[in-house]
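# Structural overview
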Amino acid sequence: MKHLCCLFALWLLVGCGSSASQSDTARAATDTLAPADSSTFVPRPAHALYHWKTVFDPTPEEWDFLRKHQVERLYIRFFDVDINFEQPVEEGYPVIPIATAIFHQRPDSTMEVVPTVYITLEALRKIKEVDKIIPYANAMVERIRRMAAANKIGNIQQVQIDCDWTPSTEADYFALLRQMRSQLRKQGIALSSTIRLWQLARPTPPVDCGVLMCYNSGSITQPDVYNSILDPNDMLPYLPRLADYSLPLDYAYPVFGWSVWFRDGKFKALIRETDCSDPDRYTPLKENNYRVRTEHYIVEKQLKPGDVVRVELPSFEAIREVQQAVEKYAPRDSSSVILYHLDQNNLKKYSSDEIDSLYSAR
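Since this is a predicted model, take the numbers as computed values, not measurements. (Residues numbered from 1 in each chain as written. Predicted model: local features only at pLDDT ≥ 70, side-chain atom pairs only at ≥ 80, totals over all residues. Heavy atoms only, no water.)

### A short note on helix H6 (residues 170-185)
Think of an α-helix as turning once every 3.6 residues; residues three or four places apart then point the same way. The terminal C-alpha atoms of H6 lie 22 Å apart, and with 16 residues this matches the ideal 22 Å at 1.5 Å per residue to within 8%. Residues Glu170, Asp172, Tyr173, Phe174, Leu176, Leu177, Gln179, Met180, Gln183 and Leu184 constitute the buried set of H6. On its buried face, H6 is in contact with strand S6 (112-119), helix H4 (121-129), helix H5 (133-150), strand S7 (158-162) and strand S8 (190-195). (Helix = DSSP H or I, 4+ residues; strand = E, 2+ residues; numbered from the N terminus. Expected span 1.5 Å × (residues − 1). Buried < 20%, exposed > 50% of the residue type's maximum accessible area, 1.4 Å probe, protein only. Contact = heavy atoms within 4.5 Å.)

Next up, the structure:
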């Protein structure tokens, strides 16, 4: 129990992701988040965007993107929840917050911020194992509150939890959400959860609203997959379930890319999106696949001759095809479009008209 008390203190007092003064942190105990009537909460339609970097420090180009496309809501990842395998305690490996956001800049005060927390399945199982779902749920809510106060982020109407929960972890995850929702309602804050496509066939989580993740539909590790980020053929079979889904949903679409690295037909790693146009380094294979010709490095990863790189960047046409299918089946006509994520290197690969088209779909 002593170790758990120390752990919860660590959760609350260490790494609030701010360069603010100690007096700002001290005021966290009395500051509150912006109120919202979560008992009747329905997310208002808005142009929205995820921010999934550890440091919140948008470039001038990214600020221009937000203004130009009238982005009113930012889903900012505040921290992840995972197991710390480096510092075991009496109860085993502890569950801790990691990858805490550091705010070098502050979101515009007129912009709604949705603090988002990603929790791994390993962490979820461990919380259940030590039978501490309620204390951990309370610690997560308190940590979000303190980070928001320390960084002077006040326009918060909802908090979002992101978890790729499974049928075997569903009950534990839902218990965590119920407790968080109860605590957030005391502060006038709603709770939302991400929804994967296959989860549309499961019971709805106990939250106020959800976001359907319209991407990552294919298997990254399989070499014969065309595009693991977005392939309409993978996604369309799931979407008819939207007609009977009772939870209010917004919809997130991908505007990012990466490359998938294989050796001898086996998955090696994800690497940054690669320019495979150099004929001295790559030989084109089928569609978006390239064979490595000469040994070279990409961010400390050593690619060797014979390796295969699959370049994945969803086309505007593919995103729009999925979006139109969502519009066909979704029961609501006031949903928000959320793009993933705020990174100018990826966003610039789509024209301004294409971005406007995605946002104006609803």
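After that view of the structure, there is still more to cover.
### Comments concerning the nonpolar core
Among soluble globular proteins, nonpolar side chains are generally buried collectively. Of all hydrophobic cores here, the largest spans 94 residues; its most connected members are Ile161 and Leu212. Discounting chain neighbours no more than four positions away, the residues touching Ile161 are Val117, Ile119, Met140, Tyr173, Leu177, Met180, Leu191, Ser192, Ser193 and Thr194. Counting 10 residues, the second-largest nonpolar core is a separate cluster that includes Cys276, Val292, Ile298 and Leu303. (Core = buried A, V, L, I, M, F, W, Y, C linked by side-chain atoms within 4.5 Å.)

### Some remarks on helix H10 (residues 352-359)
Buried within H10 are the following residues: Ile355, Leu358 and Tyr359. The buried residues of H10 occupy an angular sector of 95° when the element is viewed end-on, so they sit on one face. Contacts from the buried residues of H10 go to strand S1 (47-51), helix H3 (60-68), strand S3 (71-83), helix H8 (316-329) and strand S18 (337-340). (Arc of directions from axis to C-beta.)

### Describing the packing of aromatic side chains
This structure, assessed with the given rule, holds 17 aromatic pairs. Three or more aromatic residues joined by ring pairs make a cluster, and in this case those are Tyr50, Trp52, Tyr75, Tyr215, Phe256, Trp258 and Tyr340. Sitting over the ring of Phe79, Arg143 keeps its end group 4.9 Å from the ring centre. Sitting over the ring of Trp261, Lys268 keeps its end group 5.3 Å from the ring centre. (Phe/Tyr/Trp six-rings, centres within 6.5 Å; stacked < 30°, edge-to-face > 60°. Lys NZ or Arg CZ within 6 Å of the ring centre and 35° of its normal.)

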